[in-house]
Amino acid sequence: MRGRLAVALLGLCGLLAGCASTVSGTGHPAANATKPGGGPSASAGPSRSAAPDDSGRQTLSCGGSKISPAGSPYCFTMPAGFQDVSSSVRVDASIGKEKYRSAVAVSSQDLIIISVYELRRSTDDISDDTLAGELTQVLQQLSKQGFTFDSTTADKTTVDGARSFGYHAVQDSTGLESDVYFLFRGRNELQVNCQWKDKESDINRGCKSVLGTLQFKTVP
């Protein structure tokens, strides 16, 4: 797969980590995910749960054709019909402490990005309202950079027992749409950015698969 990958990647500011960034690159299939240096649509949403798994996950055990960068706190099974383009997503501008990144795609502008940020402190004892407040500040900054959000009120769910805050965004200049999920566990924030231009149904299916198979372990 070759073509321009234009990805709107959202980062957390303020209390916890970095700020927003724009990612672009040239995509082609890669055998393995790489370790870099530096309200969503209902069909794609994660499962709802009454409360987070307070004990956290200690190990990863994804099956099938899994993607899990070496040393990373996550894994997921690659959705059918997608290709691993992790090595193709080049960060042109980045602010924050992104530690791991993976990407799977069905075309150059229809793809799913998974990123992990190391946070300044554990989020386990931070309330939902405080985390949502931090994310609201991120959305306000992104709105000034040409993003429109259906709502600044998060769709709160859980993914693999970790708290998840979801939003739907449109990048005004390109028409790219994204369902973005911010997951919190321990000192890590994991983002799942499900972006589409022309293949909404494929991305919704792939996003549901990624969120359904994603495992996100606790890191002290």
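Student: Honestly, the sheet that holds strand β13 (residues 215-216) in this entry has me stumped. Any pointers?
Tutor: By way of backbone hydrogen bonds, the strands of a sheet pair with one another, either parallel or antiparallel. A sheet is described by the order of its strands in space; here three strands give the open sequence β3-β4-β13, paired in antiparallel fashion. Since the sheet does not close on itself, it has two edges, and those belong to β3 (66-67) and β13, each with one partner. Sheet topology places strand β4 (residues 74-77) next to β13; two bridges connect them, and they run antiparallel. The residue of β13 that forms the bridge with C75 is Q215. Each of β4 and β13 touches helix α2 (residues 200-213); the most contacted strand, β4, lies at about 130 degrees to it.

Student: I would appreciate a short explanation of the pattern of salt bridges in the present structure.
Tutor: Opposite charge on two side chains lets them pair, provided their charged atoms get close. Per the counting criterion, the structure on display carries seven salt bridges. Put simply, D160 and R57 hold a salt bridge, and the shortest N to O gap is 2.7 Å. With D160 in the loop between β9 (155-159) and β10 (162-171) and R57 in the loop between β2 (21-26) and β3, the pair connects residues that are 103 residues apart, well separated along the chain. Here R57 falls in the partly exposed class, since its relative accessible area comes to 22%. D160 is the salt-bridge partner of R185, the closest N and O atoms lying 3.6 Å from each other. Here R185, found in strand β11 (residues 177-185), pairs with D160, found in the loop between β9 and β10; they are 25 residues apart in sequence, far enough to count as distant. Classification of R185 by relative accessible area gives buried; the value is 3%. Residue classification places D160 among the partly exposed positions, given a relative accessible area of 25%. Each member of the salt-bridge network shares a partner with another, and the members are R57, D160 and R185.

Cut-offs and rules
Residues numbered from 1 in each chain as written. Predicted model: local features only at pLDDT ≥ 70, side-chain atom pairs only at ≥ 80, totals over all residues. Heavy atoms only, no water. Pairing = 2+ DSSP bridges. Helix = DSSP H or I, 4+ residues; strand = E, 2+ residues; numbered from the N terminus. Contact = heavy atoms within 4.5 Å. Axes fitted to C-alpha atoms, helices over the stretch in contact; angles between N-to-C directions. Salt bridge = Lys/Arg side-chain N within 4 Å of Asp/Glu carboxyl O. Buried < 20%, exposed > 50% of the residue type's maximum accessible area, 1.4 Å probe, protein only.

Just distances and angles here, no functional claims.
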